[in-house]
Amino acid sequence: AQSVTQLDSHVSVSEGTPVLLRCNYSSSYSPSLFWYVQHPNKGLQLLLKYTSAATLVKGINGFEAEFKKSETSFHLTKPSAHMSDAAEYFCVVRAAMDTGRRALTFGSGTRLQVQP
Amino acid sequence: GAGVSQSPSNKVTEKGKDVELRCDPISGHTALYWYRQSLGQGLEFLIYFQGNSAPDKSGLPSDRFSAERTGGSVSTLTIQRTQQEDSAVYLCASSPLAGERADTQYFGPGTRLTVL
């Protein structure tokens, strides 16, 4: 079984300040972890993924996330928020590829607001 | 190249009617997934197709839901006798069989279904 918990449903930051979106996961297998972003009225876009290589993962648009097995966390960060970062962010877990289980399990989402 | 496409983009139907939603995956992607995004339930996995293997139907919410994939490409999700709780955005995703991107699912823009 696998699950993911996004600890904040809403996060509001000022433009130019750091972003932290928190995610904890639970998985019976070595997981693959992803962050997806969804802008209003647009499809889901992959930001970054962790698949058992380097624990610090860099993604698009300056985002990065660190896989911490001891804390079962995969928090998303960005040093400086832009107005265009305002969107819904989803933390996602999937069992390792060699389990044959491909279905993604999504967190409930965090809505990021960026204030001017 | 072209991404995942879905049609129609919006569908309004009356309770009790049947609907068909279509997904065209990225060319060459052998895995195809359906998810549902609704206000109350978040993003949920519905069904997964991989080549000629039997589909993983573990996420289908009831026997009113079915899906098929013809010729290993286009997929149709059918909902019979629609209910108001079926109102949601239905998302399709695809991924390649192997390679570095095998664990990444690429999402379409979705079909917004409204059941009156």
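Placed above this text is the structure.
Residues numbered from 1 in each chain as written. Chains lettered and ligands numbered in written order. Predicted model: local features only at pLDDT ≥ 70, side-chain atom pairs only at ≥ 80, totals over all residues. Heavy atoms only, no water.

A. Structural detail: the overall build of chain B. For chain B, the count of helices and strands is zero helices and ten strands. Written out in order from the N terminus, the α and β elements of chain B read β-β-β-β-β-β-β-β-β-β. Taking 2.2 N^0.38 as the reference for a compact globule, 116 residues should give roughly 13 Å; the C-alpha atoms of chain B span a radius of gyration of 14 Å, in line with that estimate. Expressed as lengths along the three principal axes of its C-alpha atoms, the size of chain B is roughly 45 × 30 × 25 Å. Among the 116 residues that make up chain B, the fraction classed as buried is 48%. For chain B, the computed accessible surface area is about 5800 Å², with 46% contributed by carbon and sulfur atoms. (Helix = DSSP H or I, 4+ residues; strand = E, 2+ residues; numbered from the N terminus. Rg over C-alpha atoms; globule rule 2.2 N^0.38 Å. Buried < 20%, exposed > 50% of the residue type's maximum accessible area, 1.4 Å probe, protein only. Areas by Shrake-Rupley, 256 points an atom, 1.4 Å probe, with all protein chains shown as cover.)

B. Broad picture of the environment of Lys69(A). Along the chain, Lys69(A) turns up in the loop between β8 (64-68) and β9 (73-78). By relative accessible area, Lys69(A) is classed as exposed at 64%.

C. Structural view of the sheet that holds strand β1 (residues 5-7) of chain B. Residues and elements named next belong to chain B. Taken in spatial order, the four strands of this open sheet run β1-β3-β7-β6, and their pairing is antiparallel. Each edge of the open sheet carries a strand with a single partner, namely β1 and β6 (65-69). Taking the axes of each pair of neighbouring strands and ignoring which way they run, one obtains an average angle of 15 degrees across the sheet. Inspection of the sheet shows β1 paired to strand β3 (residues 19-24) by three bridges, in the antiparallel sense. (Pairing = 2+ DSSP bridges. Axes fitted to C-alpha atoms, helices over the stretch in contact; angles between N-to-C directions.)

D. Quick look at the nonpolar core. Counting residues in hydrophobic clusters, the biggest one holds 26 residues, and the most contacted among them are Trp35(A), Leu48(A), Phe74(A), Leu76(A) and Tyr89(A). A total of four residues in this core trace back to one element, the largest contributor, which is strand β10 (residues 87-95) of chain A. In terms of nonpolar packing, the next biggest core, distinct from the first, is built from 20 residues, Val19(B), Leu21(B), Leu77(B) and Val115(B) among them. (Core = buried A, V, L, I, M, F, W, Y, C linked by side-chain atoms within 4.5 Å.)

E. Representation of the pairing of strand β12 (residues 110-115) of chain A in the model. Residues and elements named next belong to chain A. A one-sided burial pattern is seen for β12, the buried positions being Thr110, Leu112 and Val114 and the unburied ones Arg111, Gln113 and Gln115. Where strand β2 (residues 10-14) and β12 come together, five bridges link them in parallel fashion. Residue Val13 lies in a different strand from β12, and its bridge partner there is Val114. Strand direction decides the pairing type here: β10 and β12, joined by three bridges, are antiparallel. Counterpart to Ala87 in the pairing with β12 is Leu112.

F. Quick look at the pattern of salt bridges. All names here are of chain A. Under the criterion given, the structure shown has eight salt bridges over all chains. In this structure, the salt-bridge partner of Glu64 is Lys58, at a minimum N-O distance of 2.8 Å. For Lys58, a relative accessible area of 63% gives the class exposed. (Salt bridge = Lys/Arg side-chain N within 4 Å of Asp/Glu carboxyl O.)

G. Local environment of the interface of chain A and chain B. Chain A puts 15 residues into the contact, and the matching count from chain B is 21 residues. When the two sides are added together, the surface that chain A and chain B hide from each other amounts to roughly 1400 Å², 54% of it contributed by carbon and sulfur. Looking at the side of chain A facing chain B, the largest losses of area belong to Leu44(A), Arg102(A) and Phe106(A), adding up to 38% of the total buried there. If you look at where chain A meets chain B, you find zero salt bridges. At the boundary of chain A with chain B, the tally comes to four residue pairs in polar contact (both at pLDDT 80 or more). For the side of chain A that touches chain B, the elements supplying multiple residues, two or more each, are β5 (31-38), β6 (44-50) and β10 of chain A. Partitioning the side of chain A that touches chain B into residue classes produces nine nonpolar, three polar and three charged. (Contact = heavy atoms within 4.5 Å. Buried area = accessible area lost by both parts, 1.4 Å probe. Polar contact = N/O pair within 3.5 Å; in protein donor to acceptor, adjacent residues only side chain to side chain. Nonpolar A, V, L, I, M, F, W, Y, C, P; charged D, E, K, R; others polar.)

H. Quick look at the side chain of Arg94(A). Within the element layout of this structure, Arg94(A) appears in strand β10. Ignoring any residue separated from it by four or fewer positions in sequence, one finds Arg94(A) in contact with Gln2(A), Pro31(A), Ser32(A), Phe34(A), Arg101(A), Arg102(A), Ala103(A), Leu104(A) and Asp103(B).

I. Here's a closer look at the packing of aromatic side chains. Counted according to the given criterion, the structure contains 14 aromatic pairs over all chains. Each ring, one from Phe34(A) and one from Tyr36(A), has its centre 6.3 Å from the other, and the planes form 40 degrees; the classification is tilted. Of the two residues examined, Phe34(A) and Tyr36(A), each falls in the buried class. Ring plane angle 45 degrees and centroid distance 5.6 Å describe the contact between Phe63(A) and Tyr89(A), whose orientation is recorded as tilted. Highlighted residues: Phe63(A) in the loop between β7 (56-58) and β8 and Tyr89(A) in strand β10, separated in sequence by 26 residues. The buried category is assigned to Phe63(A), whose relative accessible area is 2%. Ring-pair connections join several aromatic residues into one group, and the members of that group are Phe34(A), Tyr36(A), Phe90(A), Phe106(A), Tyr33(B), Tyr35(B), Phe45(B), Tyr48(B) and Phe107(B). (Phe/Tyr/Trp six-rings, centres within 6.5 Å; stacked < 30°, edge-to-face > 60°.)

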